[in-house]
Amino acid sequence: MSIQFKSITELRAMLDAKSISASELTQESLQLAKKYKELNCFVTMNEELGAKNANSIDLDNKTTSKLSGIPLAQKDLFCTEGLRTTCSSKILSNFIPPYTATAVKKLEDAGSITVGKTNMDEFAMGSSNETSFFGNVHNPWKKGYVPGGSSGGSAAAVAAGIVPAATGTDTGGSIRQPAAHCGITGLKPTYGRISRWGMIAFASSLDQAGPLARTAEDCAILLNEMAGHDLKDTTSLDVTVPDYLEDLDKPINQLKIGIIKEFNLSELDSEVQSRFQDSKDLYEKLGAEFVEVSLPNISASVPTYYSIAPAECSSNLSRFDGVRFGHRAENTQDLNDLYIKSRSEGFGDEVKRRILIGTYALSAGYYDAYYKKAQQVRRLIKNDFDTVFETVDLLMTPTSPNTAFAFGSKGTQNPVELYLEDLFTISSNLAGLPAISIPHGQINSLPVGLQLIGNFLREDKLLNVAHIFQKNSDFHLAQPTMEDFS
Ligand code: GLN
């Protein structure tokens, strides 16, 4: 029986029934990755170590966790000991970390098998996976179309059924937007819920790791392992982690969901609107109540994000200087020349653009006008959320204003076109709140995502409400034919 498109829950049953071993499962996953090489969703495979780890799970012969023996893919931004970690950048194309990121380590300690590192936008900057040094990732639903970004390789690997789940990171939408474009489920947890240690930093006050999977239930399985305080990350939250599987089936008849007035949905594509209306109807049928809410400052989210994120990135990326690790230019005159040439050769255009913007925004004389001002607006946005969560349990929006688009069709002349892709996702990063994207239909054979935003630390509620949706619909079961890629 093929393992392609199987969820963690289904693979767990196969492993428990001994109809497949962890080693066989890992080999099949690696084979599928080879078969669909053209998708370009992996940067590096973990064949040897993956096989070895799967074998020791088989020899151990006892299941200690739901993830024991389950193959997973890791975004190539998580450091993995002994396994190349590139952030899809030339500057790190030869970097082999001496340690493993806490989030990945916890998944591996639970017995999961890392089969490979997934392609992404360079340093997670992008919404289309077109800024990778290793080339574009194709959307499994349509060749030549973007999978979304920046966790595009992880989303494509799950959507193509190569692995049942993968890790991603979300600074402004990079888990939810690719999940939406690839027709899978992706959760961005509360800021600090999962340790950022060993995650190569883009914008430290916004970055958050999370799972991409076929179902909300599988996201809960991953989050159960990934979440928790870490002494190595002082921004990780020191609060107890609930069992996210426990309340998945809780009825939602008391639920109050807010629709954000400022996101003028009537301006969206009519098909996006009608999918949204259908999902609203389904939730109403299941007992939820909808109310319109106002977040007066939310329309400032995109410019606020694009002041803060580049500022933090310019500071974080200053460590890549060609001296300590990563790409080093040859034939340089002196130290300054070495820095300049190594960075000029090592970074791609989008990363350079952000470093320039960020350096400018942080420079003396402009700091108050841009970075400080953006932080003040960020606080106002967060206050708006605090106010609405006094009256509603969740907020609901489309994940993205549109479906996946063709390579090169957006942002090539004007990058702002691509920045607007994250209109609905960015505000929850600015406020540090959890949010999930679930598939809720298709437009012209391309998936569309529905976003639910939760209150601080209420991943349990998001997973519950997403799970109930998936129990009452079959959008999450749709599979791409993969005809273009075989
Ligand atoms: N698309 C956004 C950006 O380019 C968000 C990326 C992310 O979440 N990593 O900054």
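Because the structure is predicted, anything quoted here is derived from the model rather than measured. Each residue is numbered by its place in its chain's sequence as written, counting from 1. For this predicted model, a pLDDT threshold of at least 70 governs which residues receive local features, and a threshold of 80 or more governs which side-chain atom pairs are given and counted, while totals over whole chains, interfaces and linings are taken from all residues. With hydrogens and water excluded, all non-hydrogen atoms of the structure serve as input to the side-chain values.

## Things to note about the overall build of the protein
From N to C terminus, the protein includes 15 helices and 11 strands. We compute the radius of gyration over the C-alpha atoms and compare it with the globule rule, which gives 2.2 Å times the number of residues raised to the power 0.38. Computed over C-alpha atoms, the radius of gyration of the protein comes to 21 Å, within 12% of the 23 Å expected from 2.2 N^0.38 for 486 residues, which places it in the range of a compact globule. Dimensions of the protein along its principal axes, counting C-alpha atoms only, are 65 × 55 × 45 Å. Taken over 486 residues, the protein has a buried fraction of 60%. Two residues qualify as a contact provided that any one of their heavy atoms is within 4.5 Å of a heavy atom in the partner residue. When contacts within the protein are restricted to residue pairs at least 6 apart in sequence, those whose partners lie at least 24 apart make up 76%. Only DSSP runs of H or I with at least four residues qualify as helices, and only runs of E with at least two residues qualify as strands; both kinds are numbered from the N terminus onward. Exposure categories follow from relative accessible area, calculated using a 1.4 Å probe and restricted to protein chains: below 20% of the type maximum is buried, above 50% is exposed, and the middle band is partly exposed.

## Some details on the site of the ligand
Near the ligand you find 15 residues, and of these Gly172, Ser174, Tyr305, Arg354 and Asp422 are the closest. Here Thr171 contributes a backbone N or O atom positioned 2.8 Å from an oxygen atom of the ligand. Contacts described as polar in this section are N or O atom pairs within 3.5 Å, which, within protein, must combine one atom able to donate a hydrogen with one able to accept it, while residues neighboring in sequence count only if both atoms come from side chains. Gly172 is positioned with one of its backbone polar atoms (N or O) 2.6 Å from an oxygen atom of the ligand. Method for areas: the Shrake-Rupley scheme with a 1.4 Å probe, in which residue coverage is limited to the protein chains shown. Relative to its unbound accessible area of 290 Å², the ligand is 100% covered by the protein chains. By residue class, the composition of the shell around the ligand is 5 nonpolar, 7 polar and 3 charged. Only a single heavy atom is needed: when it lies within 4 Å of a molecule or strand, its residue is near that molecule or strand. Residues are grouped as follows: Ala, Val, Leu, Ile, Met, Phe, Trp, Tyr, Cys and Pro are nonpolar; Asp, Glu, Lys and Arg are charged; every other residue, Gly included, is polar.

## Focus: unusual backbone geometry
With an omega of 10°, the peptide bond between Gly149 and Ser150 qualifies as cis. Phi at Ser88 takes a positive value of approximately 55°, unusual for a residue other than glycine. Locating Ser88 in the fold gives a position in the loop between strand 2 (71-75) and helix 4 (102-109). Assessed through its relative accessible area of 0%, Ser88 is described here as buried. Here Ser445, not a glycine, exhibits a phi torsion of approximately 65°, which is positive. Note on placement: Ser445 falls in the loop between strand 10 (435-443) and strand 11 (446-454).

## Concerning the side chain of Arg214
In this structure, Arg214 sits in the loop between strand 6 (209-213) and helix 7 (216-226). In this tally, Asp and Glu contribute negative charge and Lys and Arg positive charge; neither His nor the terminal groups of the chain are included. Salt bridge criterion: a side-chain nitrogen from Lys or Arg within 4 Å of a carboxyl oxygen from Asp or Glu. No salt bridge forms around the buried Arg214; measuring N to O, its nearest opposite-charge neighbour Glu10 is 6.3 Å away. At 3.3 Å, the side chain of Arg214 forms a polar contact with the backbone oxygen of Phe5. When sequence neighbours within four positions are dropped, the list of residues in contact with Arg214 reads Phe5, Lys6, Ser7, Val158, Ala159, Gly161, Pro164, Thr185, Gln470, His476, Ala478 and Gln479.

## Digging into the packing of helix 8 (residues 270-285) against helix 15 (residues 459-471)
Only the contacting stretch of a helix is used when fitting its axis, a line to C-alpha atoms as for every element, and angles between N-to-C directions run 0 to 180 degrees. Across the interface, helix 8 lies against helix 15 with an axial gap of 11 Å and an inter-helix angle of 100°. Here helix 15 runs roughly perpendicular to helix 8, going by the angle between their axes. Taken together, the residues of helix 15 that come into contact with helix 8 (itself represented by Ser279, Leu282 and Tyr283) are Val465, Ala466 and Phe469. Tallied by class, the residues present in the contact of helix 8 with helix 15 amount to 5 nonpolar, 1 polar and no charged. The scheme is simple: roughly parallel for angles under 35 degrees, roughly antiparallel for over 145, roughly perpendicular for 65 to 115, oblique for anything else.

## Structural notes on the nonpolar core
Buried Ala, Val, Leu, Ile, Met, Phe, Trp, Tyr and Cys residues that are joined via side-chain atoms within 4.5 Å together make up what is termed a nonpolar core. Phe123, Ile162, Tyr283, Phe385, Leu395, Met396 and Leu463 are the most contacted members of the largest nonpolar core, which has 136 residues in total. Sequence-distant contacts of Phe123, defined by excluding residues within four places in its chain, comprise Cys87, Ser89, Ile91, Leu92, Ile200, Phe202, Leu317, Phe320, Phe347 and Val351.

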